[in-house]
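# Structure assessment
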Amino acid sequence: DAGVIQSPRHEVTEMGQEVTLRCKPISGHNSLFWYRQTMMRGLELLIYFNNNVPIDDSGMPEDRFSAKMPNASFSTLKIQPSEPRDSAVYFCASSPGTGWAYEQYFGPGTRLTVT
Amino acid sequence: AQSVTQLGSHVSVSEGALVLLRCNYSSSVPPYLFWYVQYPNQGLQLLLKYTTGATLVKGINGFEAEFKKSETSFHLTKPSAHMSDAAEYFCAVSEQGTYKYIFGTGTRLKVLA
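Below is a short write-up of the structure. (Residues numbered from 1 in each chain as written. Chains lettered and ligands numbered in written order. Predicted model: local features only at pLDDT ≥ 70, side-chain atom pairs only at ≥ 80, totals over all residues. Heavy atoms only, no water.)

### A word on the side chain of Thr-110 of chain A
With respect to the helices, strands and loops of the structure, Thr-110 of chain A is situated in strand S11 (residues 110-114). The residues contacting Thr-110 of chain A, other than those within four sequence positions of it, are Gln-6, Ser-7, Pro-8, Arg-9, Leu-21, Ala-88, Val-89 and Tyr-90 of chain A. (Helix = DSSP H or I, 4+ residues; strand = E, 2+ residues; numbered from the N terminus. Contact = heavy atoms within 4.5 Å.)

Written out as structure tokens, the structure reads:
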């Protein structure tokens, strides 16, 4: 099992540019989460998908952020336009079930730097 | 609202010494509890979890945690620290009927030679 795969691992971009982060969950997992990690705010849940459907996007900070999951094996998180305050590590996690008992499996993260 | 408190953002121990990382939660209903470890430049990895049953939970790498309902605690321990244990550790809870984890702010463990 390859685990959760994220790409790119590092992204450096200039303010105003569009950024797309990609995630491939573990095969067979039906829940997918996007998190953001910063020193100031810790781990924040951005959005949660279940069976490819966005269930909770209340953590998405602004309309500049959008996420899609076109199929069970792929999800994207897009920031357009990007700003320096978006600099963070973005994690994707997947889970084999729905609900509170299931552990989440995290990808290695994408370190985003916006200059 | 559910919350998780990790006492001590930084903990230092000598190699071979006991590791104790503290986690307290607030919940009117016993939640499911998790400990994750994050090594530098990596994602979070599950160490152990408590769901129901035995209150002492054993995890990977020699770690264990004990669920104490009366104290609303789920502290993580390891009898003898190893240099490879240096990492950041996160406690998380999930509440019945939800899909969300509430993460603690993390404790960075440093192991001194």
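### Describing unusual backbone geometry
In this chain, Ser-7 of chain A is followed by Pro-8 of chain A through a cis amide linkage whose omega measures -10 degrees. Within the secondary structure, Pro-8 of chain A is located in the loop between strand S1 (5-7) and strand S2 (10-13). A cis amide bond links Gln-80 of chain A to the next residue, Pro-81 of chain A, at an omega of -5 degrees. Mapping Pro-81 of chain A onto the fold places it in the loop between strand S8 (74-79) and strand S9 (88-95). Non-glycine residue Thr-72 of chain B carries a positive phi angle of around 45 degrees. Within the secondary structure, Thr-72 of chain B is located in the loop between strand S8 (64-68) and strand S9 (73-78).

### With respect to the pattern of salt bridges
Residues and elements named next belong to chain A. Within the structure shown, the criterion is met by 13 salt bridges over all chains. For the salt bridge of Glu-44 with Arg-41, the shortest nitrogen-to-oxygen distance reads 2.7 Å. Using a relative accessible area of 15% as the deciding quantity, one classes Glu-44 as buried. The partner of Glu-62 in a salt bridge is Arg-85, and the shortest N-O contact between them spans 2.8 Å. A residue pair is termed long-range when its members are at least 10 positions apart, and Glu-62 in the loop between strand S6 (53-56) and strand S7 (65-71) and Arg-85 in the loop between S8 and S9 qualify at 23 residues. Judged by relative accessible area, which is 55%, Arg-85 ranks as exposed. Each of Glu-62, Arg-64, Glu-83, Arg-85 and Asp-86 takes part in one network of salt bridges that share partners. (Salt bridge = Lys/Arg side-chain N within 4 Å of Asp/Glu carboxyl O. Buried < 20%, exposed > 50% of the residue type's maximum accessible area, 1.4 Å probe, protein only.)

The analysis is restricted to geometry; functional conclusions fall outside its scope.
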